[in-house]
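Residues per chain, in single letters:
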Amino acid sequence: QMQLQESGPGLVKASETLSLTCTVSGGSSRSSSFYWAWIRQSPGKGLEWIGSLYYTGVTYYNPSLKSPATISADTSKNQFSLKLSSVTAADTAVYYCARGRAGFLAYMDVWGKGTTVTVSS
Amino acid sequence: QSVLTQPPSVSGAPGQRVTISCSGDSSNIGSSGIDWYQNLPGTAPKLLIYSDSQRPSGVPDRFSGSKSGTSASLAISGLQSEDEADYYCARWEDSLNGHVFGTGTKVTVL
């Protein structure tokens, strides 16, 4: 059964780049059946989709994000990553990675437990 | 982005049935399937329902989803203490090529 695990620094300074990695186990990240997504939850707020990466390398991002995001993959390590540049306190959140089912019905069926990132001033 | 509105909280006694609504308009709920996720702090969010009413394998049949017009609902029957969590509806937004989540509902088991 596939599992996802987020990792990265728990504390990032404002204006710097937040970098997180999601390690995929129990299956391959190289499948056209899936896409790989990042979602976050800021304190006291709901879930927010950040962006997704497809098998083809195509990426999509939430245009409402203030800090520019980049999602990429290292298929040799079965990992995909998130970078948020020029972060502010508003980027403090629990960050989740997830597997999405590509196709007509798009939904996220496998999630990591999340990692907390605090942006300090 | 289209907004999906949920009640902030619902509550029920053990064994009761509770429903969580997810309201939108014809441009969002009416145009794509609704998914439901359960989020317990410190755990991985869990997909409960996809495409309005489909239940992934392993999800108890106490959880059911429905949609009518511009509103979707998640029903939890036989409420258990372990169901105390936050619940989010979500939909695919073609203009984003991504997901839009509802405002979230906290379920409390009395």
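Quick caveat, the model's predicted, so the values are computed rather than measured.

Draft legend 1. Structural detail: the nonpolar core. All names here are of chain A. Counting residues in each nonpolar core, the largest one holds 25 residues, and the members touching the most others are Leu 4, Leu 18, Trp 38, Phe 80, Leu 82 and Tyr 95. Of all elements in the fold, only strand E3 (18-25), strand E4 (34-41), strand E5 (47-54), strand E7 (69-74), strand E8 (79-84), strand E9 (93-101) and strand E11 (115-120) reach the threshold of two or more residues within this core. Of all the elements, E3 adds the most residues to this core, at 4 residues. Setting aside residues no more than four positions away along its own chain, Leu 18 makes contact with Val 12, Leu 82, Lys 83, Leu 84, Val 87, Tyr 95 and Val 117.

Draft legend 2. Layout of the pairing of E9(A). All names here are of chain A. For E9, the buried fraction is high: 7 of the 9 residues fall into the buried class. Pairing of E4 with E9, which is carried by 8 bridges, proceeds in the antiparallel orientation. Of the residues in E9, the one forming a bridge with Tyr 35 is Gly 100. Bridge analysis of E9 against E11 gives 3 bridges, and the strand direction is antiparallel. Residue Tyr 95 lies in a different strand from E11, and its bridge partner there is Thr 115. Pairing geometry for E9 and strand E10 (residues 108-111), over 3 bridges, is antiparallel.

Draft legend 3. Molecular detail of the sheet that holds strand E1 (residues 3-7) of chain A. Residues and elements named next belong to chain A. Strand order in the open sheet made by the 4 strands is E1-E3-E8-E7, with antiparallel pairing throughout. Each of the sheet's edge strands pairs with one partner strand only, and the pair in question is E1 and E7. Strand-to-strand twist across the sheet, computed as the mean angle between neighbouring axes with direction ignored, equals 20 degrees. With 6 bridges connecting them, E7 and E8 associate as antiparallel partners. By the bridge assignment for E8, Asp 74 is matched with Gln 79.

Draft legend 4. A look at unusual backbone geometry. Of note, the phi angle at Ser86(A) is positive, near 50 degrees, even though the residue is not glycine. Looking at the element boundaries, Ser86(A) is found in the loop between E8 and E9. In this structure, Asn97(B) takes a positive phi of about 55 degrees despite not being glycine. Classification of Asn97(B) by relative accessible area gives partly exposed; the value is 27%.

Cut-offs applied
Residues numbered from 1 in each chain as written. Chains lettered and ligands numbered in written order. Predicted model: local features only at pLDDT ≥ 70, side-chain atom pairs only at ≥ 80, totals over all residues. Heavy atoms only, no water. Core = buried A, V, L, I, M, F, W, Y, C linked by side-chain atoms within 4.5 Å. Buried < 20%, exposed > 50% of the residue type's maximum accessible area, 1.4 Å probe, protein only. Helix = DSSP H or I, 4+ residues; strand = E, 2+ residues; numbered from the N terminus. Contact = heavy atoms within 4.5 Å. Pairing = 2+ DSSP bridges. Axes fitted to C-alpha atoms, helices over the stretch in contact; angles between N-to-C directions.

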